[in-house]
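Fold and contact review
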Amino acid sequence: QDKPGVAVVLHDITELRRVEQIREDFVANVSHELRTPLTAIRGSVDALVEENISPAQQRFLDIIARNTLRMERLVSDLLRLARLDAGQERLQLVPCSTQSLFKSLACELTTNLQERHQQLQWNIDQGADVVVADPVKLHDIFRNLIENATHYSPDNSTISLRAAMKRSVDEIVLSVSDRGNGIPEPDLSRIFERFYRVEQLRSDNTRGTGLGLAIVKHLVGLHGGEVSAMNRPDGGAIFEVTFSDRNGNLKDGAIVGNS
Ligand code: ADP
């Protein structure tokens, strides 16, 4: 006590890391193994639908088909997360036009939007017309967020996309906002967790896997960006994805491989 000193505490986390690795491998293997039987089930259901069957049999087949599709989505999302956990997805950074991104998503999601009589509108601020990102991953991020917006907001509502510059010229913020019920305050910080879903929406959401936002968070993180969720003062949710534009010097078309 009378002499100054330093205490260093070292924890050996070898075992922890090993167990983590086993868990990640397990998820990847199970997901992979589940794919084959699911494809076989779907194929058989499709074949039976073409047979002459009674309305009751048709009802059961519909249930099997719906749940097979749901399982396939789960398996595919779990496999994607396993790949991301294992660092197997590489970034191909290129300058991406925000206008083309929004346009192609509007086109791709026309059916979803028409089914709900919803409109998709967008606004691109000056200086936010290009973001340096991996185009495929950028597309996946916003497809996920817009699909959620269509799903969690009412018929006849408008979904707004925006590209803006933030604080300094170094950040580009792309956002998706909707006119739904928003997200209860206590759930805001948890919705990016795997399988976390807002309780009151659970029962009427048999479509989702509860993994979409976890994937979004991972993909944004790969870019060194951030994603956050908040509620609009006048109702509805806003998801903001912030990309640092530090790779702005790539804007003349260079392609960069990055791990
Ligand atoms: P899911 O497949 O259930 O949509 P996600 O990971 O995409 O899973 O989202 C997690 C949860 O966050 C959803 O189940 C829902 O409760 C909530 N959520 C996501 N987007 C919105 C939104 N635009 N409005 C309200 N709640 C949302």
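Residues numbered from 1 in each chain as written. Predicted model: local features only at pLDDT ≥ 70, side-chain atom pairs only at ≥ 80, totals over all residues. Heavy atoms only, no water.

**Digging into the site of the ligand**
Selection rule: Proximity is defined per residue: any heavy atom of the residue falling within 4 Å of a molecule or strand makes that residue near it. Nitrogen and oxygen atoms within 3.5 Å of one another constitute a polar contact, given that in protein one can donate a hydrogen and the other can accept it, and given that sequence-neighbouring residues count only through two side-chain atoms. We count a stretch as a helix when DSSP gives it H or I for four or more residues in a row; a strand needs E for two or more, and each element gets its number in order from the N terminus.
Taken together, 20 residues surround the ligand, and among them N148, Y152, D178, T209 and L213 come closest. N148 has a polar side-chain atom sitting 2.8 Å from an oxygen atom of the ligand. In this structure, G212 approaches the ligand through a main-chain N or O atom, which is 3.3 Å from an oxygen atom. Among the secondary structure elements, those contributing two or more residues to the shell around the ligand are α5 (135-152), α7 (212-222) and β7 (237-244).

**Description of unusual backbone geometry**
Leaving glycine aside, a negative phi is the common case for residues, and trans is the common case for peptide bonds. A positive phi angle, close to 55°, is found at H117, a residue other than glycine. Looking at the element boundaries, H117 is found in the loop between α4 (110-115) and β2 (119-124).

**Brief notes about the pairing of strand β6 (residues 226-231)**
Defined as follows: Paired strands, in this sense, are two strands between which DSSP finds at least two bridges.
Bridge count between β6 and β7: 6 bridges; the pairing is antiparallel. In the sheet register, N231 faces β7, and the bridge partner there is A237. Adjacent in sequence and paired antiparallel, β6 and β7 are bridged by 5 residues, among which G235 carries a positive phi angle near 100°.

**Things to note about the confidence of the model for the protein**
As a reminder of what qualifies: Confidence scores per residue from the predictor, reported as pLDDT, run from 0 to 100. Residue contacts are defined here by distance: any two heavy atoms, one from each residue, within 4.5 Å place the two residues in contact.
Put simply, the protein has an average pLDDT of 89, and 90% of its residues get 70 or more. Note that residues 248-259 has pLDDT below 50 and, in this model, 25 contacts with residues that lie over four places away or in other chains.

**Some remarks on the pairing of strand β4 (residues 158-166)**
One ladder, built from 6 bridges, connects β2 with β4; its direction is parallel. The residue of β4 that forms the bridge with W122 is L161. Where β4 meets strand β5 (residues 171-177), 7 bridges bridge the pair, whose relative direction is antiparallel. Paired with M165 across the strands is I172, a residue of β5.

**What about the sheet that holds β5?**
Here is the rule: Note on geometry: axes are lines fitted to C-alpha atoms, helical ones only across the stretch in contact, with angles between N-to-C directions running from 0 to 180 degrees.
On the basis of which strands lie adjacent, the open sheet formed by 5 strands has the order β2-β4-β5-β7-β6 and mixed pairing. This sheet does not close on itself; its edge strands, each paired only once, are β2 and β6. Taking the axes of each pair of neighbouring strands and ignoring which way they run, one obtains an average angle of 15° across the sheet. Two strands pair when backbone bridges link them, and β5 and β7 are joined in this way by 7 bridges, in the antiparallel orientation. Along β7, the bridge assignment pairs S175 with E240. Each of β2, β4 and β5 is contacted by helix α3 (residues 98-108), which is oriented at about 180° to β2, the strand it contacts most. Sitting on the sheet, α7 touches β6 and β7, and the angle it makes with β6 is about 135°.

**Focus on the packing of α5 against α7**
What counts, and what does not: By convention, the crossing between two helices is left-handed when the near helix turns anticlockwise from the far helix through less than a right angle, and right-handed when the turn is clockwise. Charged residues are taken to be Asp, Glu, Lys and Arg, nonpolar residues to be Ala, Val, Leu, Ile, Met, Phe, Trp, Tyr, Cys and Pro, and polar residues to be all remaining types, Gly included.
One can describe the packing of α5 onto α7 by two numbers: an axis separation of 9 Å at closest approach and a directional angle of 145°. In terms of crossing hand, the pair formed by α5 and α7 is left-handed. For the pair α5 and α7, the contacting residues are K137, D140, I141, N144, L145 and N148 in the first and G212, L213, V216, L219, V220 and L222 in the second. Of the residues contributing to the contact of α5 with α7, the split by class is 7 nonpolar, 3 polar and 2 charged.

**A few points about the environment of R116**
By secondary structure assignment, the location of R116 is in the loop between α4 and β2. Here the alpha-carbon distance between R116 and P154, two residues 38 residues apart in the chain, equals 7.6 Å. Non-local contacts of R116, meaning those with residues more than four positions away in its chain, are made with T150, H151, S153, P154, D155 and N156. Reaching out from R116, the side chain makes a polar contact with the backbone oxygen of T150 at a distance of 2.8 Å.

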